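Geometric and topological summary
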Amino acid sequence: MPVEEAPVTSASEEWQASACILCENNCGITVKVEGRRFAKIRGDKAHPASAGYTCNKALRLDHYQNGGARITAPLRREHDGTYTEISWDVAITEIADRLRAVRDTHGGESIFFYGGGGQGNHLGGAYSGALLRAVGGRYRSNALAQEKLGEAWVDAHLTGGHTHGDFEHAQVSVFVGKNPWQSHGVPRARTVLQNIAKDPARTMIVLDPVRTETADLADIHLQIKPGTDAWCLAAILGEIVQQDLIDHEFLTAHTTEAEPVLAALRAVDVDAYAHLSGVDPASVRRAAQLIGTAESVSTYEDLGVQQSPNSTLVSYLNKLTWLLTGNFAARGTMQMHSWLAPLINYSLKTKTTPVTAAPMLGGIVPCNVIAEEILTDHPKRFRAMIVESSNPAHSLADSQRFRAAFDSLELSVVIDVAMTETARRAHYVLPAASQFEKWEATFFNLEFPVNTFQLRAPLLEPLPGTLAEPEIYARIIRELGVASPLSLSVLRGALRLGRKAYGLTFLALLKLDRKAAGLAPYLLYETLGPTLPGGARAAAVLWALAQGVARRHPQSMRRAGHADPEALFTAMLSERSGVHITVDELDGGSWTYVPEDNRPIPLSITPLLESLRGLDRMEWAHTSGEYPFVLSAGERRAFTANTIFRDDSWRRRDATGALRISPADAERLGLADGGRALITTNRGSATATVELNDRMQDGHISLPNGFGLDLPGSDQRTGVAPNDLTDLRRRDQFSATPWHKHVPARVEPVPHT
Ligand SMILES: Nc1nc2c(c(=O)[nH]1)N[C@H]1C(S)=C(S)[C@@H](COP(=O)(O)OP(=O)(O)OC[C@H]3O[C@@H](n4cnc5c(=O)[nH]c(N)nc54)[C@H](O)[C@@H]3O)O[C@H]1N2
Ligand SMILES: Nc1nc2c(c(=O)[nH]1)N[C@H]1C(S)=C(S)[C@@H](COP(=O)(O)OP(=O)(O)OC[C@H]3O[C@@H](n4cnc5c(=O)[nH]c(N)nc54)[C@H](O)[C@@H]3O)O[C@H]1N2
Ligand code: SF4
Ligand SMILES: [Mo]
């Protein structure tokens, strides 16, 4: 069946709806396109979540679309390390042949998938599972395995799923290792933060070693020593329990196993733990009093703790602050939400990785073991890797180790828009159409009580030579010849009778043929896809996801105005600025999302309670005489955006990604503002421009994320690639998430040459 062409306006007077692709908020934007340039970008007032809001970065998106470094033909790496442009047909045939060979020799499980979407694009990734199944693969990972796996495991124990704060209404808002002023994560973050700061009846508490822009707006800034959150949160919880600020009614009605938790917290020496974390016990007590007596509390934990020592324990303690005080499932408190497609598997049944037997929390291979799963002679090692929409040679801890591992693979394929650090080492590089050249969407649908979704239409024709990911996956699967032609023709036949017949046939097929279940996205793409209007073939998978919403949350879906899944699907296809997928009651509505096994919420997590009890014996400092500083390697700043922009000129400030250091440390070391410093860790060294910054405390230094790219035609990097300095062995004991924010380091002046 022919694929229709997308209706594309390449030189248009019209404002076209789309979204920003730089962080999980995906604020709606409208764009005026001139030729292939984004002449004007504005916040989209019609967007159901962002309502016209954007931060400074969205207006720079032309640097993503037209910033260079695009690839326009499939590339094959030759023996001498050079790349040859090949046709799509040749690329697909060769890749399918080589995948087949790896599968036949070592088993499909040796084929490993990494990525499947970044900050703005998850639609392609929805089809990647079909390719993995087609080759018999089981293992995959992505950036969430560098941040959220410990938190997800704690969530799986407690509420059984992801929770999100209601910062619009919370009386007390707590940010733990999170700087929403710069990094967002909270929709319309700057407005929300300013509203909290302006309102005398509302309070903000920030735990951060840096006096961030968010901390500037806070009522209480607990400026802890880096890496000591576990002690600080234990002290807050200790005070809550010891002063009996807990919500007994909530605990009795909605939780079990509280007693071991309360006993462990009664034993906490509040003053000692506050001192250990470098803060005044009086501030800790005030924070505890506020959290314990507020009408509503919402918290947000992020990389400052999720990429630091004790991260899984800290997630647990953070969640206990709102659970023990009954701040769940009510206005202003922590809420659960619907999913269109869950990003993580919230299950306690944990598989392990094939070589190092690392627990795969959330069903995902932890990033820090990937190199170890490859660089070994173990028969079950990964032999092939497919990377999509991700740049692990830059973003994984210990770049040297990852690169050695990647280079040793029998087959590596990178699907990207640009010639990234990872692409530059792959056997094959497949050029993707950009996120503004195809139908695209994210599954960052994490809001409550109104959860939204936006299917974005292409703003421009694909750059010649590029393809959208669903088409790339489909071509490889076709070449592998794994889907039964009979299934495809039965589905097409049923579809001619209408979507209802199609749905029933699909279900029957999935029951009959287990292989079909694994290939489902591909089958949808091949059958339903070509019938969708405007060339929105990639949206086929949304049809199945809409069925899932209707099955799991029928009332919430109806409250959002969709009578049935077909209506939801139609709305997703046609509303260019996005739709409400579910609507719930602020008070109590969250409980419908708590799985039965988690009702009542079991509060004890035995191994984490053991860690909590062991805090008084635990070493908190990881620095040494040789490496006396704590380096936060990868801070979000006004002009960082992961490695999505590959064009340094997008930045208006901090062009070289300065090393921030306190004025006192700088003076002691003889470093001048604007001078150069050499930063050394046990894994490498790098030089950076120095910025004296009184937001930093002594002993703590920071470098921004996303710098240090290897751009074509230049052997000069701008700024430091943070993972040249990190060590994959420094990782959480439960989730193996990296300690990017806690890298022991040394700093020295670089003499002028
Ligand atoms: N501008 C911008 N925004 C982004 C991104 C971007 O690249 N640029 N990336 C997006 C992505 S992928 C993510 S995951 C989010 C991340 O968003 P955030 O987690 O907010 O980002 P970070 O700046 O990495 O870290 C947050 C804070 O942790 C603090 N911190 C460091 N060490 C510690 C510690 O030991 N304890 C505590 N409590 N805090 C500590 C840092 O000082 C910093 O202020 O941002 C998203 N938004
Ligand atoms: N030291 C240190 N390391 C870190 C962090 C840190 O704070 N410190 N943060 C970690 C975190 S939280 C994250 S999220 C990761 C992010 O790191 P990665 O997951 O590696 O992803 P990004 O840097 O966001 O890069 C996105 C990639 O997608 C490509 N791309 C863009 N659009 C498209 C498209 O339409 N199709 C395809 N196929 N590709 C596209 C871009 O060119 C780029 O290569 O980094 C992690 N690494
Ligand atoms: S908050 Fe800023 S970076 Fe994030 S999606 Fe919105 S405009 Fe883009
Ligand atoms: Mo991230």
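Parameters and conventions
- Residues numbered from 1 in each chain as written.
- Chains lettered and ligands numbered in written order.
- Predicted model: local features only at pLDDT ≥ 70, side-chain atom pairs only at ≥ 80, totals over all residues.
- Heavy atoms only, no water.
- Helix = DSSP H or I, 4+ residues; strand = E, 2+ residues; numbered from the N terminus.
- Rg over C-alpha atoms; globule rule 2.2 N^0.38 Å.
- Buried < 20%, exposed > 50% of the residue type's maximum accessible area, 1.4 Å probe, protein only.
- Contact = heavy atoms within 4.5 Å.
- Areas by Shrake-Rupley, 256 points an atom, 1.4 Å probe, with all protein chains shown as cover.
- Lys, Arg positive; Asp, Glu negative; His and termini not counted.
- Charge placed at Lys NZ, Arg CZ, Asp CG, Glu CD.
- Expected span 1.5 Å × (residues − 1).
- Core = buried A, V, L, I, M, F, W, Y, C linked by side-chain atoms within 4.5 Å.
- Domains from an automatic or database assignment.
- Pairing = 2+ DSSP bridges.
- Axes fitted to C-alpha atoms, helices over the stretch in contact; angles between N-to-C directions.

Turning to the overall build of the chain, a few remarks are in order. The secondary structure content of the chain amounts to 26 helices and 26 strands. In terms of C-alpha radius of gyration, the chain reaches 25 Å, essentially the compact-globule figure of 27 Å for 753 residues. When its C-alpha atoms are laid out on the principal axes, the chain stretches across 70 × 70 × 60 Å. Of all 753 residues assigned to the chain, the portion counted as buried reaches 62%. Relative to all contacts within the chain whose residues are 6 or more apart in sequence, the contacts with residues 24 or more apart total 74%. For the chain, the computed accessible surface area is about 27,600 Å², with 50% contributed by carbon and sulfur atoms. Charge separation in the chain, taken as the distance between the mean sites of 76 positive and 85 negative side-chain charges, equals 4 Å.

As a further point, take helix α8 (residues 229-242). Over its 14 residues, α8 runs 19 Å from end to end, which matches the ideal 20 Å to within 8%, given 1.5 Å per residue. Within α8, 13 of the 14 residues are buried, leaving the element largely enclosed by the surrounding structure. The positive-phi residue at the C-terminal boundary of α8 is aspartate 244, with phi of around 50 degrees.

So, on to the nonpolar core. With 107 residues, the main nonpolar core has Leu222, Ile236, Leu324 and Phe328 as its most contacted residues. In terms of residues, this core owes the most to one element, α8, which gives 10 residues. Both domain 2 (75-141 + 344-442 + 450-483 + 519-583) and domain 3 (154-339 + 599-613) contribute no fewer than three residues apiece to this core. Of all hydrophobic cores here, the second largest spans 98 residues; its members include Ala134, Leu459, Val482 and Ala550.

This paragraph deals with the sheet that holds strand β1 (residues 15-19). Strand pairs in the sheet, formed through backbone hydrogen bonds, run parallel or antiparallel to each other. Here we have three strands laid out as an open sheet, ordered β1-β2-β3, and antiparallel in their pairing. Looking along the sheet, the strands with just one partner apiece sit at the ends: β1 and β3 (37-43). Geometrically, the sheet is characterised by an average inter-axis angle of 35 degrees between neighbouring strands, direction not taken into account. The sheet contact formed by strand β2 (residues 28-34) and β3 spans six bridges and is antiparallel. Counted as the bridge partner of glutamate 34 is arginine 37 from β3.

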